[in-house]
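# Structure assessment
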Amino acid sequence: MTFKPVEICVYGADVICPACVQLPSSKETYEWLEAALRRKYPDQPFVMTYVDIFAPPADDEEKRELAQTIVEEDWVYPVVVIEGNVVAEGNPRLKAICAEMEKFGYQPSTPEGKKAE
C-alpha cells in the first residue's frame, strides 16, 4: 500500500504544564510517542515533529499560529496534532493517536512483528 506519510506534531515546552506536574515532560512524551508508533507501524513512514510553543518555527505560519493559540488559550500541553487535527491534549492516549493514524491507512503490526491482516 502506498500512502503519503502523515506528519505528527507534538507541541509543548521545556517547562511542564502547570496542570501536568505529575506527568512526563512534552519532550519525554514526544520521544515515547515516536518510539511507540515506530514499533506499532514498522516500515510505514511518518514524520515526527516537536514544536516548542514558546519558540515555534519562524518559517511555518500554521505551526506558529497553533503554538500561539496554545499559549494564549492556556491549553494543556503537550498537544498532539496529526495532519492538522488535534488528537490529544495533556496526557495523550496511544489508542486515540493510533485510531487517527489508521484513518490514513496505517496498519498496526501483530505482536510477532507482522502486519495485521
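Scroll up to find the structure.
Residues numbered from 1 in each chain as written. Predicted model: local features only at pLDDT ≥ 70, side-chain atom pairs only at ≥ 80, totals over all residues. Heavy atoms only, no water.

### As for the pairing of strand 3 (residues 79–82)
Convention followed: To sort residues, take the accessible area from a 1.4 Å probe on protein chains only and compare it with the maximum for the residue type: under 20% means buried, over 50% means exposed, and anything in between is partly exposed. Each helix corresponds to a stretch of at least 4 residues labelled H or I by DSSP, and each strand to a stretch of at least 2 residues labelled E; elements are numbered beginning at the N terminus. Pairing between strands is defined by DSSP: at least two bridges between the two strands are required.
In strand 3, alternate side chains face the same way, and those of V79 and V81 on one face and V80 and I82 on the other are all buried. Relative to strand 3, strand 1 (residues 7–12) runs antiparallel, the two being bridged by 4 bridges. Considered in strand 3, the bridge of I8 is made with I82. Turn length for the strand 3-strand 4 (residues 85–89) hairpin, with the two strands adjacent in sequence and antiparallel, is 2 residues, and the turn residue E83 shows positive phi of about 50°.

### Here's the deal with the pattern of salt bridges
Threshold: Counted as salt bridges are all cases of a side-chain nitrogen of Lys or Arg within 4 Å of a carboxyl oxygen of Asp or Glu.
Under the definition given, this model contains 6 salt bridges. Across the salt bridge formed by K4 and E83, the nearest N and O atoms sit 3.0 Å from each other. Of this pair, K4 sits in the segment before strand 1 while E83 sits in the loop between strand 3 and strand 4, and the two are 79 residues apart along the sequence. By relative accessible area, which is 56% here, K4 ends up exposed. The closest approach of N and O atoms between D60 and K63, which form a salt bridge, is 3.1 Å.

### What about unusual backbone geometry?
Cis geometry marks the peptide bond from Y77 to P78, where omega comes out at 15°. Inspection of the secondary structure assignment puts P78 in the loop between helix 2 (61–72) and strand 3. Positive phi values are uncommon outside glycine, yet D74 reaches one of about 55°. Take D74: it is sitting in the loop between helix 2 and strand 3. A positive phi angle, near 50°, is found at E83, a position not held by glycine. On the accessibility criterion, E83 (32% relative accessible area) is partly exposed.

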